[in-house]
Amino acid sequence: MAHPDHLREDDQQQLKALLVRSPELTAAAGHIRTFAAIMTNREGERLPHWIADVCADEQSGPAGFAAGLLPDLDAVVYGMSADWSSGPVEGRVNDLKALKRGMFGRAKPPLLRKRLLLVAASRQP
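Residues numbered from 1 in each chain as written. Predicted model: local features only at pLDDT ≥ 70, side-chain atom pairs only at ≥ 80, totals over all residues. Heavy atoms only, no water.

Thoughts on the overall build of the chain
1) Next: When helices and strands are counted, the chain shows seven helices and zero strands.
2) Next: Against the 2.2 N^0.38 benchmark of 14 Å for 125 residues, the chain shows a C-alpha radius of gyration of 21 Å, more extended than a compact globule.
3) Next: Along the first, second and third principal axes, the C-alpha atoms of the chain reach 60 × 40 × 30 Å.
4) Next: Here the chain holds 125 residues, and 21% of them are scored as buried.
5) Next: Contacts in the chain between residues far apart in sequence, at least 24 positions, make up 44% of those at least 6 positions apart.
6) Next: Entry remark: accessible area of the chain is about 9,400 Å², with carbon and sulfur atoms responsible for 60%.
7) Next: The distance from the centre of the 16 positive side-chain charges to the centre of the 15 negative ones in the chain is 20 Å. (Helix = DSSP H or I, 4+ residues; strand = E, 2+ residues; numbered from the N terminus. Rg over C-alpha atoms; globule rule 2.2 N^0.38 Å. Buried < 20%, exposed > 50% of the residue type's maximum accessible area, 1.4 Å probe, protein only. Contact = heavy atoms within 4.5 Å. Areas by Shrake-Rupley, 256 points an atom, 1.4 Å probe, with all protein chains shown as cover. Lys, Arg positive; Asp, Glu negative; His and termini not counted. Charge placed at Lys NZ, Arg CZ, Asp CG, Glu CD.)

In structure tokens form, the structure reads like this:
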């Protein structure tokens, strides 16, 4: 799952050996690296071409994933192209869910609110 440049030397050698043995794995790795570059560089406009390439490759493992993107393609392309992220909001939602789970049946909303505000304050930069 790590970027190939961030692997230890022995892991890089093992990856190369695996890719030499399996053309299917080599094709899948190439498609996944391209997808990662599209996401990292926010190049959502390249996504339709990537999906076409993956679906045309009969040996490709990610073809099911790529085909699953088609029904919401416009939203996925926009999401992969936009500069903003909902990460901070999702973090707060996860904090709230963890607190609620941890205090299930033992706290009323005022205490949950206070604890959530304390968690939020502790995460300020």
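What about the confidence of the model for the chain?
1) Next: Of the residues in the chain, 98% have a pLDDT of 70 or more, and the chain-wide mean is 86.
2) Next: The spread of mean pLDDT over the elements of the chain runs between helix 6 (residues 87–102), the lowest at 82, and helix 3 (residues 47–56), the highest at 93. (pLDDT = per-residue confidence, 0-100.)

So, helix 2 (residues 23–40)
1) Next: The terminal C-alpha atoms of helix 2, which comprises 18 residues, lie 26 Å apart, in line with the 26 Å expected from a rise of 1.5 Å per residue.
2) Next: For helix 2, every residue scored as buried is listed here: Ala27, Ala28, Ala29, His31, Phe35 and Ile38.
3) Next: At its buried positions, helix 2 is contacted by helix 1 (9–21), helix 3, helix 4 (63–69) and helix 5 (73–81).
4) Next: Of the residues flanking the end of helix 2, it is Arg42, one or two places downstream, whose phi is positive at about 55°. (Expected span 1.5 Å × (residues − 1).)

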